[in-house]
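Summary of structural features
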Number of protein chains: 2
Amino acid sequence: MPPESSPTHPVVAPHAESRQHPVTRPSTGDELRATALAQFASIGFAGTSLQQIADAAGYSKSSVLYHFASKEALLGEVLTPAIDRLEVILGRFVAAPDGTASRRRFVDDFIDFLLEFRLELHTFINQAQSLRGIPVIDRAGLLIVRLSDTLCHEGASTEDRIRFGIALGGAAYTLVAGMTFLNKDIAPADEIRQALSVVITELLAPVAVHTSESRK
Amino acid sequence: MPPESSPTHPVVAPHAESRQHPVTRPSTGDELRATALAQFASIGFAGTSLQQIADAAGYSKSSVLYHFASKEALLGEVLTPAIDRLEVILGRFVAAPDGTASRRRFVDDFIDFLLEFRLELHTFINQAQSLRGIPVIDRAGLLIVRLSDTLCHEGASTEDRIRFGIALGGAAYTLVAGMTFLNKDIAPADEIRQALSVVITELLAPVAVHTSESRK
DNA sequence: GCAGGATTTGACCGATCGGTCAAGTAGGGT
DNA sequence: ACCCTACTTGACCGATCGGTCAAATCCTGC
C-alpha cells in the first residue's frame, strides 16, 4: 500500500523543523511532487509523461506509480495545498466585515499566496479548461469563481471582471513564464514583492471602491 | 507536394471577399489551422495529438500531414500571422518619435492585436519556455523581449517590467481562459474592448511617463 | 471520356504512453 | 536468525504517439 498522503509524517526528528534542512531530508513523495509540479507548470499536464517525471527526479516510472495511484492523483496531491490555502484566504475575507482594511489585508494575503504557490497557480490557471472533470481542478475552478464573485459582487461591471482576470492571470504569468525570459531572474525578491503589491492593489482597488466604499 | 502556404490563394471568386462567407469557403488548410490553434491553446502543443486535430476538423491524420510537413510546421504556420502582425506594430512604434501620442496609438494597436490573435498569444505566452528551439517560438520570444525593452527602456524599474508582464499575460489569460469560466461569455464585445483599453492603458501608462514624459 | 495532378485515406512503423504485476532489495523488531 | 513492511524496479500490456507510403478518389483541362 502506498504511503498515505495527508500529513507528511516526519517519523524522525522529534524537534520539529518544518523546512527541508539536511537534517530532515525531503521524502521521496515530496521530491516527486516538486518535480512533477515543475513539469506540469512548464510543459503542461497532458504533455508531461510519468517517465519524464521519474527521470528528472531520479526514480523509475514504477516508483512514481507506487507513491501515487495515477497521474491524475499525482496532479491532485500537487495542487491541493495551494487550493487549501486559497480557501483559507477567501474564507477569512468573507468572514471579515466589508471595508478598506479588510480589502487591503486580502490583497496582502493574496500576494503571499501568489509568491508561495506560483507554479501551482500557473498550472491551474492555464489548463483548467482542458482538465475539467478532474476533482481537484473542478474544486479550484469553483474557488476562483467564488473569489471573483466575492470581489466583484453581483452587479459588477465588465471592467471589474477584467481587472480581476488580468490581475490573476497576469501575476501567474509574470511570476513563472515571464520571469525566466523577460528579466533573467534579476530579482531582489522583496523588490518583486513590493512591485507586485503596488500593481495588484492598483488593479483590485477600484473594485473595492465600487462595492463598499463608493461614495463616502 | 503539399499546397504551399504563404498566401492562401483563392483559386475561385474573382471578386475578392476576405471573410469566409459561404461563397468562398475556407480551405482545408485554414480549417486545420483553426482547429489546431484551438487545441494548442487549450490543451497545449505537447498535449495535442495530430489525431485529435484531424478528428476535430473532420479529416484523417494523414491529411493533416499532407498539408503540413510535421506537427512543428503546423505550429509554425498557426503562429506566424500573429507574430508578423506584432512585428509590424512594434516597428511602427519604434519608428515614431517618442511621445504620449505615439504611446497611445501603440496601446490601441496592441489591443487590436490582443483581440484578433488572442488564441495565438495565449498559446505562445504559456508554452514558450517548453518549446524553445522551435523556430517560430524563438522568433516570437525575441519579439517579446524587444517589445519589453522598447517599452521599459534600459534603466526600467522592476515595477515597470512587472507591469508589462502582467498586462501581457493577464490579457492573454482573461481573453481566453478567464472568458469561458469566469464570465459565461456575457460580453458585448465592444464593452470588453473598452474595459481592456482602460486597464491596459492604466498598466502601461506609468511606463511611458517614466521614460519620455517624466517631468513636464 | 480521359489523362494527370491534387487530395484523401488506411495500413503500417518504431517509439512512447499510462498502468499492472511480480520479483526483488533494505532494514527494523522480535 | 526470522519475518514483515516499506520501497524500488524491470518486464510487460494494450493503446496511442508522430510520421511514411502507396493505393484510392476527386477534380479539372482537354
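Residues numbered from 1 in each chain as written. Chains lettered and ligands numbered in written order. Predicted model: local features only at pLDDT ≥ 70, side-chain atom pairs only at ≥ 80, totals over all residues. Heavy atoms only, no water.

Remarks on the overall build of chain A
Counted only if it meets this: Secondary structure follows DSSP: runs of H or I at least 4 residues long count as helices, runs of E at least 2 residues long count as strands, and numbering of each begins at the N terminus. By definition in these notes, contact holds between two residues if any of their heavy atoms fall within 4.5 Å. Note on areas: these come from Shrake-Rupley sampling with a 1.4 Å probe, and a residue is covered only by the protein chains present in the view.
Summing up its helical and strand segments, chain A has nine helices and zero strands in all. Written out in order from the N terminus, the α and β elements of chain A read α-α-α-α-α-α-α-α-α. Within chain A, contacts between residues separated by at least 24 positions form 69% of all contacts whose residues are at least 6 apart in sequence. With the model as given, the accessible surface of chain A reaches about 10,700 Å², and the carbon-plus-sulfur share is 56%.

Structural notes on helix α6 (residues 118-127) of chain B
The cut-off we apply is this: Accessibility here uses a 1.4 Å probe with only protein chains present; expressed as a share of the type maximum, an area under 20% marks a residue as buried, one over 50% as exposed, and anything in between as partly exposed.
Burial runs high along α6(B): eight of the 10 residues are buried. Turning to α6(B), its buried residues number three or more, namely E120(B), L121(B), H122(B), T123(B), F124(B), I125(B), N126(B) and Q127(B).

Looking at the side chain of T48(B)
Following the sequence through the fold, T48(B) ends up in the loop between α1 (28-43) and α2 (50-57). Overall, the relative accessible area of 1% leaves T48(B) in the buried class.

A word on the pattern of salt bridges
For the record, the criterion: In the sections that follow, a salt bridge refers to a side-chain nitrogen of Lys or Arg positioned within 4 Å of a carboxyl oxygen of Asp or Glu.
In this structure the tally under the stated criterion is 20 salt bridges over all chains. One salt bridge connects R33(B) with D30(B), and the closest N-O pair in it is separated by 3.1 Å. You can see R33(B) and its partner D30(B) sitting in helix α1, three residues apart, about one turn around the helix. The exposure class of D30(B) is partly exposed, given its relative accessible area of 27%. Between D149(B) and R161(B) there is a salt bridge, and its shortest N-O distance comes to 3.2 Å. Placement of D149(B) in helix α7 (residues 135-152) and of R161(B) in helix α8 (residues 158-176) is noted, with a sequence separation of 12 residues between them. Salt bridges sharing partners connect three or more residues here, namely D30(A), R33(A) and E77(A).

Quick notes on the protein's contact with DNA strand D
So the rule is basically this: Near residues are defined by distance, with any heavy atom within 4 Å of the molecule or strand qualifying the residue. Any N or O atom pair separated by 3.5 Å or less is treated as a polar contact, with the protein-specific requirement of one donor-capable and one acceptor-capable atom, and with residues adjacent in sequence counted only for side-chain atom pairs.
By nearness alone, 17 residues border DNA strand D, and S62(A), H67(A), S49(B), L50(B) and K61(B) come closest of all. One nitrogen or oxygen atom from the side chain of S63(A) is found 3.2 Å from a phosphate oxygen belonging to DNA strand D. Within the backbone of K71(B), one N or O atom sits 2.9 Å away from a phosphate oxygen of DNA strand D. Residue assignment for the surface near DNA strand D shows that the elements contributing at least two residues are α3 (61-67) of chain A together with α2 and α3 (61-67) of chain B.

Focus on the interface of chain A and chain B
Counted only if it meets this: Computed with a 1.4 Å rolling probe, the buried area is the accessible surface lost when two parts are put together, summed over both parts.
Contact with chain A, which involves 43 residues of that partner, is made by 43 residues of chain B. Summing both partners gives a buried area of about 3,900 Å² for chain A against chain B, and 67% of it is carried by carbon and sulfur. Contact with chain B buries area across many residues of chain A, yet I166(A), Y173(A) and L182(A) alone supply 15% of it, more than any other trio. Here chain A is connected to chain B by two salt bridges. Salt-bridge contacts for E202(A) lead to R163(B); the nearest nitrogen and oxygen are separated by 2.7 Å. At the boundary of chain A with chain B, the tally comes to 11 residue pairs in polar contact (both at pLDDT 80 or more).

A few points about helix α4 (residues 71-95) of chain A
All names here are of chain A. Note the following rule: Helix span, expected: 1.5 Å multiplied by one less than the number of residues in the helix. The quantity called bend is, for any residue, the angle between two axes fitted respectively to the seven residues ending at it and the seven beginning at it.
Here α4 spans 36 Å end to end across 25 residues, near enough to the 36 Å set by a 1.5 Å rise per residue. The sharpest bend along α4 measures roughly 40 degrees and falls at L79, with the proline P81 sitting one to four residues further on. All of the buried residues in α4 are L74, L75, G76, V78, L79, A82, I83, L86, I89, L90 and F93. Tucked into the core, α4 has its buried residues touching α1 (28-43), α2 (50-57), α3, α5 (100-116), α6 (118-127) and α7 (135-152).

Some thoughts on the environment of T28(A)
Residue and element names in this part refer to chain A. By secondary structure assignment, the location of T28 is in helix α1. Separated by 36 residues in the primary sequence, T28 and V64 have C-alpha atoms spaced 9.2 Å apart. Beyond its immediate chain neighbours, meaning those up to four positions away, T28 contacts Y59 and H67.

Section: empty space enclosed by the protein
Here the idea is plain: a probe the size of a water molecule rolls over the atoms and shows the empty space left. Going by this rule: In this analysis, the protein atoms alone were mapped onto a 1 Å grid. Cavities are point sets where a 1.4 Å probe fits without being able to get out; pockets are open sets with protein on both sides within 12 Å along at least five of seven lines; lining residues have an atom within 4 Å of a point. Grid points are joined across faces, edges and corners, and a volume is the space filled by probe spheres set on the points. Three categories are distinguished: nonpolar for Ala, Val, Leu, Ile, Met, Phe, Trp, Tyr, Cys and Pro, charged for Asp, Glu, Lys and Arg, and polar for the others, with Gly belonging to the last.
Counted according to the given criterion, the structure contains four cavities of 30 Å³ or more. Its boundaries defined by the atoms lining it, the largest cavity holds a volume of some 150 Å³. For the lining of the largest cavity, the secondary structure elements donating two or more residues are α1 and α6 of chain A together with α1 and α6 of chain B. Its residues assigned to classes, the lining of the largest cavity comprises five nonpolar, 11 polar and no charged.

Some words on the relation of the copies chain A and chain B
Definition in use: In superposing the copies, a least-squares fit is computed on C-alpha atoms, taking residues whose pLDDT is at least 70 in both.
Least-squares fitting of chain A to chain B yields an RMSD of 0.0 Å, with the superposition described by an axial translation of 0.0 Å and a rotation of 180 degrees. Taken together, the turn and the small shift mark the pair as related by a two-fold rotation axis. For chain A, the smallest separation between a C-alpha atom and the rotation axis is recorded for G170(A), amounting to 1.7 Å. The overlap is high: 100% of the interface residues of chain A also sit at the interface in chain B, so the same surface is used on both sides.

A closer look at the UniProt feature "DNA-binding region" (unreviewed entry) in chain A
Our working rule: UniProt positions are given in the numbering used here, feature names are shortened, and annotations may be inferred rather than shown by experiment.
The feature "DNA-binding region" (unreviewed entry), as annotated in UniProt, sits at residues 49-68 of chain A in this numbering. Helix makes up 75% of residues 49-68 of chain A and strand 0%, and the two end C-alpha atoms of the span are 14 Å apart.

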